[in-house]
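Chain by chain, the residues:
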Amino acid sequence: MELKAAQVVFLCFLCGLKADPEDGEGGWSSDFSLQDEGVCNIDVLDRSQISYQEFIQRYAYSRPVVLRGFTDNTKFRLLCSKSSLLEEFGSRTVKLSTANTFSYRKVDVSFQRYVDVLLRPQAADALGSETLYFFGDNNFTEWKSLFDQYESPPFVLPNTSGAFSFGIAGAGTGVPFHWHGPGYSEVVYGRKRWFLYPPDKEPHFHPNRTTLSWVTETYPNLPEEEAPLECTIRPGEVLYFPDRWWHATLNLDTSVFISTFLG
Ligand SMILES: *[C@@H]1O[C@H](CO)[C@@H](O)[C@H](O)[C@H]1NC(C)=O
Ligand SMILES: *[C@@H]1O[C@H](CO)[C@@H](O)[C@H](O)[C@H]1NC(C)=O
Ligand SMILES: *[C@@H]1O[C@H](CO)[C@@H](O)[C@H](O)[C@H]1NC(C)=O
Ligand SMILES: O=C(O)CCC(=O)C(=O)O
């Protein structure tokens, strides 16, 4: 009898943990996530280690950097828990994009349906052109109450302002190599691995293959001189990428994330 009682307590304890939206992962944790198997060969600096002037001189126009502990997004993070987002925005329509280099296809679904049905780990053999990703194309009228609470990354470039792109995606998903203007990427929940090359060093990749296939099939065979810059970012960190740098991303967990494009 005593054993039985102990088992019941143990089971309920587990149930409580699983259902708790404040589990540290905002209810977004899933059964599947990837191991972080890489190095970080990008400078990681906290606020005591870099001033705005140093950022402009050393990084803004020349190389990526990870900035740690500059902003406090505790409130935004709470609003991004699974239960909170579904309650507030479940019935809203979100625009999904295929996760390939040129994002050919767009599909509209309700946010609730995206979370319930489409938010899945990336299948190893799927094409990026067949994988739907929620990132960007946000309706800032409908989601204003959320984005108003986001404390954006610390340093802007002269004569630019930031435009947000918000997304949520499963473990193993990501955007394959592409480039555009400068900006920041931050994860609110989960971990995201970044791979970068300077503008004059175009990486070898197929525009319709996933980042996951590049990481598992192409990356291990790269000669040393073709190795990327890379780092995994976690909540509390932002990665800055300069103008026209090639980049690809890989979500190691189900991740909630936001980019700030400076233009
Ligand atoms: C954004 O949402 C508003 C309010 O629901 C709607 O009127 C508008 O058409 C939406 N914009 C786009 C581009 O879908
Ligand atoms: C920013 O804009 C101002 C006014 O248009 C201009 O004088 C200045 O040179 C610009 N700065 C940079 C870094 O482009
Ligand atoms: C990538 O996929 C798109 C959409 O299916 C297709 O139109 C395009 O030809 C493909 N590109 C390559 C290089 O295979
Ligand atoms: O967060 C991602 O997965 C994609 C980010 C990206 O490619 C970008 O910010 O340009």
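Residues numbered from 1 in each chain as written. Chains lettered and ligands numbered in written order. Predicted model: local features only at pLDDT ≥ 70, side-chain atom pairs only at ≥ 80, totals over all residues.

A. How the structure looks around the overall build of the protein. Along the protein, the regular secondary structure elements total seven helices and twelve strands. Here the C-alpha atoms of the protein give a radius of gyration of 19 Å, agreeing with the 18 Å that 2.2 N^0.38 yields for 263 residues. Each of the three principal axes of the protein carries a C-alpha extent, and together these read 70 × 40 × 40 Å. Expressed as a percentage of its 263 residues, the buried residues of the protein come to 36%. In the protein, of all internal contacts separated by at least 6 residues, the share reaching a separation of at least 24 is 84%. (Helix = DSSP H or I, 4+ residues; strand = E, 2+ residues; numbered from the N terminus. Rg over C-alpha atoms; globule rule 2.2 N^0.38 Å. Buried ≥ 20, exposed ≤ 12 C-beta atoms within 10 Å, placed from the backbone. Contact = placed C-beta atoms within 7 Å.)

B. Region of interest: the nonpolar core. Membership of the largest hydrophobic core comes to 51 residues, with the highest contact counts inside it found for Phe134, Leu239 and Tyr240. The contact partners of Leu239, leaving out residues within four places of it in the chain, are Pro64, Val66, Tyr184, Ser185, Trp194, Cys231 and Ile233. (Core = buried A, V, L, I, M, F, W, Y, C linked by C-beta atoms within 7 Å.)

C. Just the sheet that holds strand β8 (residues 192-197), in detail. The three strands lie next to each other as β9-β8-β11, forming an open sheet whose pairing is antiparallel. A single partner strand is all that each edge strand has here, and the edge strands are β9 (229-233) and β11 (246-251). Here the strands of the sheet are splayed against their neighbours by 20° on average, with no regard to which way each runs. One ladder, built from five bridges, connects β8 with β9; its direction is antiparallel. Note that in β9 the partner of Leu196 across the bridge is Leu229. (Pairing = 2+ DSSP bridges. Axes fitted to C-alpha atoms, helices over the stretch in contact; angles between N-to-C directions.)

D. View of the sheet that holds strand β3 (residues 93-98). Strand order in the open sheet formed by nine strands is β1-β2-β10-β7-β12-β6-β5-β3-β4, with mixed pairing between adjacent strands. Single-partner strands in this sheet number two, and they are β1 (44-46) and β4 (106-110). Within the sheet, the average angular offset between the axes of one strand and its neighbour, ignoring direction, is 30°. Where β1 lies against strand β2 (residues 65-68), three bridges are found, and the strand directions are parallel. Within the sheet, the bridge partner assigned to Val44 lies in β2 and is Val66.

E. Main features of the pairing of strand β6 (residues 162-169). As paired elements, strand β5 (residues 132-135) and β6 share two bridges and run antiparallel to each other. Its bridge partner being in β6, Phe134 is matched across the sheet by Ile168. Two strands pair when backbone bridges link them, and β6 and strand β12 (residues 255-262) are joined in this way by eight bridges, in the antiparallel orientation. Note that in β12 the partner of Ser165 across the bridge is Ser259.

F. Molecular detail of unusual backbone geometry. Residues other than glycine seldom take positive phi values, yet Ser103 does so here, at roughly 40°. When you line up the elements, Ser103 lands in the loop between β3 and β4. In the Ramachandran plot, Asn159 falls in the positive-phi region, its phi being about 60° despite a non-glycine side chain. Relative to the elements of secondary structure, Asn159 occurs in the loop between α6 (144-147) and β6.

G. Just helix α5 (residues 111-118), in detail. Of all the positions in α5, only Phe111, Tyr114 and Val115 are classed as buried. Take α5 and look down its axis: the buried residues cluster within an arc of 90°, on one side only. Exposed residues pointing more than 90 degrees away from the buried face of α5 are listed as Asp116 and Val117. Contact partners of the buried residues in α5: α4 (82-89), β3, β4 and β5. (Arc of directions from axis to C-beta.)

H. Structural detail: the environment of Ser91. Within the secondary structure, Ser91 sits in the loop between α4 and β3. Using a count of 10 C-beta atoms within 10 Å as the deciding quantity, one classes Ser91 as exposed. Along the backbone, Ser91 and Gln112 are 21 residues apart, and their C-alpha atoms lie at a distance of 6.3 Å. In contact with Ser91, not counting residues within four places along its chain, are Ser110 and Gln112.

I. Representation of the environment of Arg209 in the model. Positionally, Arg209 belongs in the loop between β8 and α7 (211-218). Owing to 19 C-beta atoms within 10 Å, Arg209 belongs among the partly exposed residues under this scheme. For the pair Arg209 and Tyr150, spaced 59 residues apart in sequence, the C-alpha to C-alpha distance is 32 Å. Not counting residues up to four positions away in its chain, the partners in contact with Arg209 are Leu127, Gly128, Pro176 and Trp214.

J. Layout of the environment of Gly26. One can find Gly26 in the loop between α1 (2-19) and β1. According to the C-beta neighbour criterion, Gly26 is buried, with 23 such atoms within 10 Å. Sequence-wise, Gly26 and Val256 are 230 residues apart; in three dimensions their C-alpha atoms are separated by 9.5 Å.

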